Amino acid sequence: MAILLCYGGAPAILALHRRPSPMSISNCLFQMRASSSLPFTDQKAKYYQHLEIAVDVVERACRLCVDVQRSLLSSDGKIVQKIDSTPVTIADFGVQALISLELSLQFPSIPLVAEEDSGFVRKSNLVDAVFHVVRENSTWGQGELSHDMVLKAIDRGGKDALSHGPEPTTYWVLDPIDGTRGFVKGGEALYVVGLALVVEGEIVLGVMGCPNWKNDNSENFDDEDSISTSGIIMIAHVGCGTWRSRLSSSSSQQCFNSDVPNNWIRCSVDTFRQIHEASFCIPESKTWESFPLSKHFTAIPNARIDDRNQVLLLPTCCGSLCKYLMVASGRASAFILGSKWATSIKVWDHAVGVVCVQEAGGKVSDWKGTKLNFSADGSHRRVLVPQGGILVSNGSLHHLLLQAIV
């Protein structure tokens, strides 16, 4: 079950007025995390409640993705191409609708900036399919969620939904599925559901869910048989650090974290201080030779060798947020992204990754060393315009890398 997204739906603002009753999810009651489940107290975290809700909705979204991916891989001939030539599935729409609905319920005054709108869903008679996956994973009871509410929830994050003023404001940023190529590929390919909260121009919290994350220290991300997976949820709150916890079995008869203790592990970037010691990620569509750093270092895809002119280039994974996740968890030292043109870099591909890397001890800037400006496109808050590109690092290497890539 996979579909194409075409932009062009009419915007709509979703208004929710009451708390619905909970419902079952895949024959299992989804257990929302208790107030004590985060790895720090609400006294230390100004946006504690926002983060609790964000963790819950991202976990629900991961459940939706796993179920939709299973149905996608069991059918043929249903993958088509989006306008920008990247595949997109029904999960994109379902995740955006689900998260938009739940956030509107809890925080109705906070708007949403997100990737999709409902134009193609409306025109292509796909409303029922999206409605079904949202209903199965939401807190709304039977008969309380309508098709129109789901469509409006999608459009609440669309490009024409809201115009921000010139002053700093508060809003959510959502990438429903970062790494749709990985999602469609199936197997152990990585993809991420990413949600961040921006307050007065600063990213104050973020949550990333990656159902196919391999939970060990292996650097061989392409070997599907070498290690088992159970997924990861990564959270960050300004001033409280970055933390990760495992997602439970991806079986449709179980729920994420319903039977797993909330054992959070503090995340830290790696400690390499020399470029030749570091491991790198780059976009899967690019070669190492396309980056200025290749003038000084040769990239190798296998084990490190003692050569000061070589660096380790990790196997590519789809999407930008997967690479932020790798840097924040210490599996990669740096992620380098070039800018082709001003409108090519979207805020939802980076917002949650920025706060996770920074709270893990890393640094994010453009190629001139300037902090990313998430208000660069004025009223829409959808586009980043970095000088040269974006550099994500463990912090210790940042200055050296900036010198090498200019």
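All values derive from a computational prediction rather than experimental measurement. (Residues numbered from 1 in each chain as written. Predicted model: local features only at pLDDT ≥ 70, side-chain atom pairs only at ≥ 80, totals over all residues. Heavy atoms only, no water.)

A.B. asks: Describe the environment of H237, and please don't skip the residues or the numbers.
C.D. replies: Here H237 lies in strand β5 (residues 232-237). With a relative accessible area of 1%, H237 lands in the buried category. For H237 and A196, which are 41 residues apart along the polypeptide, the C-alpha to C-alpha distance reads 9.8 Å. Those residues in contact with H237 that lie beyond four places of it in its chain are F40, A45, K46, Y47, Y48, L51, V204, L205 and E359. Among the polar contacts made by the side chain of H237, one reaches the main-chain amide nitrogen of Y47 at a distance of 3.0 Å. (Helix = DSSP H or I, 4+ residues; strand = E, 2+ residues; numbered from the N terminus. Buried < 20%, exposed > 50% of the residue type's maximum accessible area, 1.4 Å probe, protein only. Contact = heavy atoms within 4.5 Å. Polar contact = N/O pair within 3.5 Å; in protein donor to acceptor, adjacent residues only side chain to side chain.)

A.B. asks: Before we move on, could you go through the packing of aromatic side chains and cite the residues and values that matter?
C.D. replies: Counted according to the given criterion, the structure contains five aromatic pairs. Each ring, one from F183 and one from Y191, has its centre 4.9 Å from the other, and the planes form 85°; the classification is edge-to-face. Residues F183 and Y191 agree in their burial class; the two are buried. (Phe/Tyr/Trp six-rings, centres within 6.5 Å; stacked < 30°, edge-to-face > 60°.)

A.B. asks: Outline the sheet that holds β5, listing residues and values.
C.D. replies: With mixed pairing, seven strands are arranged side by side in an open sheet as β1-β2-β3-β4-β5-β6-β7. Looking at the sheet topology across the chains shown, the edges are occupied by β1 (112-114) and β7 (265-266). Across the sheet, helix α2 (residues 90-106) lies against β1, β2 (170-178) and β3 (192-199), angled at about 155° from β2, the strand it touches most. Seen against the sheet, helix α8 (residues 351-359) touches β2, β3, β4 (202-210), β5 and β6 (241-246) and runs at an angle of roughly 100° to β4. (Pairing = 2+ DSSP bridges. Axes fitted to C-alpha atoms, helices over the stretch in contact; angles between N-to-C directions.)

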